[in-house]
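# Analysis of the macromolecular model
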Amino acid sequence: MTDRSNAPATSASQTGAAEAPPGRPETHHARDIRGGFFVKLFLMMLVNAFLVFGIMNAVSAASWGVLVGTVAILVVVNWVYFSRRTIPGKYLVPGLIFLLVFQVFVMAYTAYVAFTNYGTSHSITRDQAVERIQEYNERQMPDSPTYQLTVLERDGDIFFGIVDDGVAKIGSAEDALAPVDGATVTGEGAGARIDSVEGYKALGFADLLGLDEDVTKIRVPWSDQASDGSLRTTNGTIGLRNVTALEYDAAAGTMTNVETGVVYTENDHGSFVAPDGTELQPGWRVAVGFENFTRMLTDSKLAKPFGQTMVWTFAFGFLSVLTTFAAGLLLAVTFNNARMRSRAWYRAMLILPYAFPGFLSALIWAGMLNTRFGYINQELLGGADIPWLADPVLAKVTILLVNLWLGFPYMFLISTGALQSIPSDIYEAATIDGAGPFRSFRSLTLPLLLVAVTPLLIASFAFNFNNFSLIYMLTAGGPKFVGNEYGLGSTDILISMVYKIAVEAGGSKDYGLASAMSIVIFLIVGVVSYIGFRKTRQLEEIN
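The model shown is predicted, which means the values in this text are computed figures rather than measured ones. (Residues numbered from 1 in each chain as written. Predicted model: local features only at pLDDT ≥ 70, side-chain atom pairs only at ≥ 80, totals over all residues. Heavy atoms only, no water.)

What follows concerns the sheet that holds strand β3 (residues 150-154). Reading across the sheet, the five strands line up as β6-β5-β4-β3-β9 and stay open at both edges, with antiparallel pairing between neighbours. The open sheet has two edge strands with one neighbour each: β6 (178-179) and β9 (201-202). As defined by bridge partners, β3 adjoins β9 across two bridges and the pair is classed as antiparallel. The partner of Glu153 across the bridge, within β9, is Lys201. (Pairing = 2+ DSSP bridges. Helix = DSSP H or I, 4+ residues; strand = E, 2+ residues; numbered from the N terminus.)

Next up, the structure:
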């Protein structure tokens, strides 16, 4: 029998103290509290607070899609940054979130709006539109009672107070009239008036004159039902109950004017329309299918300007790339000659236009090209009266020349870099074979150069196709087409046309149409880019 009495004992504590597997820390990350942990915790607190605030706003606005997206982001962010198994996600998640929010969501929402009639006069829901229409068409009926009105103020908000059937009521523009406790009433019957209300300040005539808000423009809802009318005042002392002149029939989908008997029937475009074509405003948002896309070609007020703008946009994009690349390449080839002295100084001078902000340069050129006061007409041309920006044809030529000034330094830079990457021995071999400078440029320099710069030329076309700042700052799209309700002009390109329809269209801003045009621009640029990259691949195969 073997004697084990002297064998070393292995305790459970010694077993538990075994070394951790290689690559894994002995201390769990939840217990490893250092300075960086508190910084991360503080940043995550800020992120969570911002997302929770977004969730609360989404719930209050009943934006359920935004709510789901915000909750998903909240869960993903906390899981990624508090888990040890998602280390790569810590670097990827921020970029992915920004991509989803500022690219994917914006594109998807633009596509959704393009198939609706969303605009200034169709921006709310159907129920909201019914309430607004009834509010806008309120009248004081001949038999409408009058009330002794008291104007009250609390925390900067204005309230109207009256006595209706012996009950003291107050309300504001946001809150309908409702009974109030703590009111002191004097008088009886039609002469009853609220003298004071606990927690409110009763305003006298002098106080009303000092208000920033005109009390005669305040509308206090009579109840939560828009059809019950509202309480208004013309002098701050007498309250008048106004009742809507339009009676809404939800079952029939009609609005009837009780004064004239005219019946307005809702149509498929989110409006109530009378038999003579008169529409009640506002309307409401509805889906209109491809109508916004067909309007570009069929609407008499839009088809011709759209066609002219489309042609000019393509011409502007292609000619801008052609002229700037030709000028930049010519200068790059010239200053690539080793025999030229002070090349570095000349190159630095040539890129100066590229160093100034484009929109600022466009504004300076707009001032210099002013017909009456511009430096070019008055000083350089001795008081000439040349309408550089007022004539439709000359304005387009001027835009191309200004864009040449702004764009050639970029083409000069990329062409210089591409030229310096071409090995000089191929030119020596061409010279030995008897090729002259022009033949070397046509057969060697240009093909090799295009392989390198074609993707940049495609990007330049896409940029100029949407070069909003130059057009807007230089000509604002003018000279304008006569009688166009959107304010479109001869030098507008598609993107400035979209801007005017969506932002500068006065009282008829049409976001649905502008979104449809944005999709057309996206498709055009995408198709041109696809074709261009296919040609680039062919050039690479040839070379």
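Judged from the four bridges that link them, strand β13 (residues 246-249) and strand β14 (residues 254-257) form a sheet pairing that is antiparallel. Across the sheet, the residue bridging to Tyr248 is Met255, located in β14. Hairpin connection, β13 to β14: the antiparallel pair is bridged by four residues, and Gly253 has positive phi, about 70°.

What follows concerns the side chain of Thr445. With respect to the element layout, Thr445 can be found in helix α15 (residues 437-465). Assessed through its relative accessible area of 6%, Thr445 is described here as buried. In contact with Thr445, not counting residues within four places along its chain, are Leu419, Ile422, Tyr427 and Ser440. (Buried < 20%, exposed > 50% of the residue type's maximum accessible area, 1.4 Å probe, protein only. Contact = heavy atoms within 4.5 Å.)

The next thing to look at is the packing of aromatic side chains. Evaluation of the coordinates by the stated rule reveals 25 aromatic pairs. Measuring from ring centre to ring centre gives 5.6 Å for Tyr147 and Trp222, while their planes differ by 45°; the resulting arrangement is tilted. Of this pair, Tyr147 sits in strand β2 (residues 146-148) while Trp222 sits in the loop between β10 (220-221) and β11 (230-233), and the two are 75 residues apart along the sequence. You'll find Tyr147 and Trp222 in the same group, each marked buried. Within the aromatic cluster, the residues linked to one another by ring pairs are Phe314, Phe318, Phe461 and Phe465. Sitting over the face of the ring of Tyr118, Arg285 holds its NZ or CZ atom 5.6 Å from the ring centroid. (Phe/Tyr/Trp six-rings, centres within 6.5 Å; stacked < 30°, edge-to-face > 60°. Lys NZ or Arg CZ within 6 Å of the ring centre and 35° of its normal.)

Together, Asp155, Asp157, Glu174, Asp175, Asp212, Glu213 and Asp214 make up a region of like negative charge exposed at the surface. Mapped onto the elements, Asp175 comes out in the loop between β5 (167-171) and β6. (Patch = residues over 30% accessible without salt bridge, like charges linked within 9 Å, V, L, I, M, F, W, Y side chains within 5 Å. Areas by Shrake-Rupley, 256 points an atom, 1.4 Å probe, with all protein chains shown as cover. Salt bridge = Lys/Arg side-chain N within 4 Å of Asp/Glu carboxyl O. Lys, Arg positive; Asp, Glu negative; His and termini not counted. Charge placed at Lys NZ, Arg CZ, Asp CG, Glu CD.)

Our next topic: the confidence of the model for the protein. Across the protein, the average pLDDT comes to 89, with 92% of residues at or above 70. Under a pLDDT of 50 for its full length, residues 4-18 has, in the predicted model, two contacts with residues more than four places off or in other chains. (pLDDT = per-residue confidence, 0-100.)

Here the focus is the pattern of salt bridges. Counted according to the given criterion, the structure contains nine salt bridges. Glu138 is the salt-bridge partner of Arg219, the closest N and O atoms lying 2.7 Å from each other. Here Arg219 is found in the loop between α6 (205-209) and β10, whereas its partner Glu138 is found in strand β1 (residues 138-139), with 81 residues between them in sequence. This pair shows no difference in class: Arg219 is buried, exactly as Glu138 is. Here the salt bridges share partners, and the residues they tie into one network are Glu135, Glu138, Arg219 and Arg232.

Turning our attention to a nonpolar patch on the surface. Together, Ile87, Tyr91, Leu92, Leu96, Phe98, Leu99, Leu100, Val101, Phe102 and Val104 make up an exposed nonpolar region whose accessible area comes to about 1000 Å². Structurally, Leu96 is set in helix α4 (residues 87-114).

Take the nonpolar core next. In terms of nonpolar packing, the biggest core is built from 42 residues, with Met296, Leu494, Met497, Ile501 and Met517 touching the most fellow members. Residue assignment for this core shows that the elements contributing at least two residues are α7 (291-298), α8 (303-335), α13 (392-420), α15, α17 (494-502) and α18 (511-542). In this structure Ile501 touches Leu302, Tyr486, Ser508, Lys509, Asp510, Leu513, Ala514 and Met517, once residues within four positions along its chain are discounted. One finds Ala362, Val402, Leu406 and Leu474 within the second-largest nonpolar core, a separate group that totals 16 residues. (Core = buried A, V, L, I, M, F, W, Y, C linked by side-chain atoms within 4.5 Å.)

This part is about the pairing of β3. Look at any regular strand and the pattern is simple: side chains alternate between the two faces of the sheet. Across five bridges, the pairing between β3 and strand β4 (residues 157-164) is antiparallel. Paired with Val151 across the two strands is Phe160, which belongs to β4.

Time to look at the environment of Ala505. You can see Ala505 is positioned in the loop between α17 and α18. Residue classification places Ala505 among the buried positions, given a relative accessible area of 4%. For the pair Ala505 and Ser63, spaced 442 residues apart in the sequence, the C-alpha separation amounts to 28 Å. Among residues more than four places away in sequence, those in contact with Ala505 are Tyr486 and Lys500.

This part takes up the domain arrangement of the protein. Domain annotation of the protein identifies domain 1 (35-114), domain 2 (128-273) and domain 3 (298-541). Domain 1 and domain 3 are separated by 39 Å when their C-alpha centres are compared. Between domain 1 and domain 3, the contact holds five residues from the first and seven residues from the second. Overall, the association of domain 1 and domain 3 removes approximately 380 Å² of surface from exposure, summing both partners, and the carbon and sulfur fraction of that is 83%. (Domains from an automatic or database assignment. Buried area = accessible area lost by both parts, 1.4 Å probe.)

As a further point, take the sheet that holds β13. With antiparallel pairing, five strands are arranged side by side in an open sheet as β13-β14-β15-β16-β17. Each end of this open sheet is capped by a strand with a single partner; those strands are β13 and β17 (279-280). Sitting on the sheet, helix α5 (residues 126-136) is in contact with β13, β14, β15 (263-266), β16 (272-273) and β17, with an inclination near 155° to β13. (Axes fitted to C-alpha atoms, helices over the stretch in contact; angles between N-to-C directions.)

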